[in-house]
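Letter by letter, the chains look like this.
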Amino acid sequence: MTRAPDLHADVGEILLTEEQIATRVAELGRRISEDYAGRPVTLVSVLKGSLPFMADLMRAIDLPLRIDLMEVSSYGGGATESSGLVRILKDLSATIEREDVLIVEDIIDTGLTLNYLVRYLRGKNPATLRICTLLDKPARRLVEIPVDYIGFTIPDQFVVGYGLDYGELYRNLRFVGVLRPEVYAGPAEAEVAGV
Ligand code: IMP
């Protein structure tokens, strides 16, 4: 029988509380506002995982700003793996030529998705292109990407909440947490693994 997800019980450990996230997002907003010093900026967020971060970060930035949204899917990898083969599901809705663009990401893991995105957006000739990510998981990086703003550096664990999903669930949790192992394994595998 398929077990019904229990959003809170499925999370074994809370890695970042709602308060820690709010404090850090406010700090990032202040730093970005200082660095751009009154210049207009275009935030490009990558759906769907970045939604809560984007919504909070944009309100923490005191600059004239526009937002745009892209959606990409990486295919060929497993449910918790990225493949580097990226497909654009939703493109920018306006030009970013000669604009100061800041990519807003939820998490950088292998870096393959962002690497593709950076090359794609550079081709649209923005004046500057910087990256802001809420979470950085450097242990699994496969391509080097210079990241300008990092919320938190986290260990090599699969996390959910505050936008991040497993099987499209858990995005609505207010904190970032680590899933219990039995959520990954099916019931049979969980029994063998003793979880
Ligand atoms: P990358 O291409 O390996 O850097 O993967 C980036 C994308 O994979 C992120 O935008 C997320 O959608 C997803 N991802 C990577 N690690 C996690 C995680 O721990 N939890 C949830 N999604 C993740």
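The structure contained in this document is the topic of the report that follows.

Rules behind the numbers
Residues numbered from 1 in each chain as written. Predicted model: local features only at pLDDT ≥ 70, side-chain atom pairs only at ≥ 80, totals over all residues. Heavy atoms only, no water. Helix = DSSP H or I, 4+ residues; strand = E, 2+ residues; numbered from the N terminus. Contact = heavy atoms within 4.5 Å. Areas by Shrake-Rupley, 256 points an atom, 1.4 Å probe, with all protein chains shown as cover. Salt bridge = Lys/Arg side-chain N within 4 Å of Asp/Glu carboxyl O. Buried < 20%, exposed > 50% of the residue type's maximum accessible area, 1.4 Å probe, protein only.

A few words on the overall build of the chain. When its secondary structure is counted, the chain shows five helices and nine strands. Going residue by residue from the N terminus, the α and β elements of the chain occur as β-α-β-α-β-β-β-α-β-β-β-β-α-α. For the chain, the share of sequence-separated contacts (at least 6 apart) that also reach a separation of at least 24 residues comes to 66%. When the accessible surface of the chain is totalled, it reaches about 10000 Å², and 52% of it is carbon and sulfur.

The next subject is the pattern of salt bridges. This structure, assessed with the given rule, holds 13 salt bridges. Among the ionic pairs, glutamate 18 bridges to arginine 174, the shortest N-O distance being 3.1 Å. Highlighted residues: glutamate 18 in helix α1 (residues 18-36) and arginine 174 in the loop between β8 (159-160) and β9 (176-179), separated in sequence by 156 residues. Among the ionic pairs, arginine 171 bridges to glutamate 168, the shortest N-O distance being 2.9 Å. Judged by relative accessible area, glutamate 168 falls into the partly exposed class, the value being 45%. If you follow the salt bridges from partner to partner, you end up with Lys48, Asp165, Glu168 and Arg171 in one network.

Glancing now at unusual backbone geometry. Between leucine 47 and the following residue, lysine 48, the backbone shows a cis peptide bond with an omega angle of -5 degrees. In this fold, lysine 48 is placed in the loop between β2 (41-47) and α2 (51-60). With phi around 40 degrees, alanine 37 is a residue other than glycine that occupies positive phi space. Inspection of the secondary structure assignment puts alanine 37 in the loop between α1 and β2. Not every positive phi belongs to a glycine, and asparagine 125 is a case in point at roughly 55 degrees. Looking at the secondary structure, you find asparagine 125 in the loop between α3 (112-122) and β6 (128-136). Classification of asparagine 125 by relative accessible area gives partly exposed; the value is 47%.

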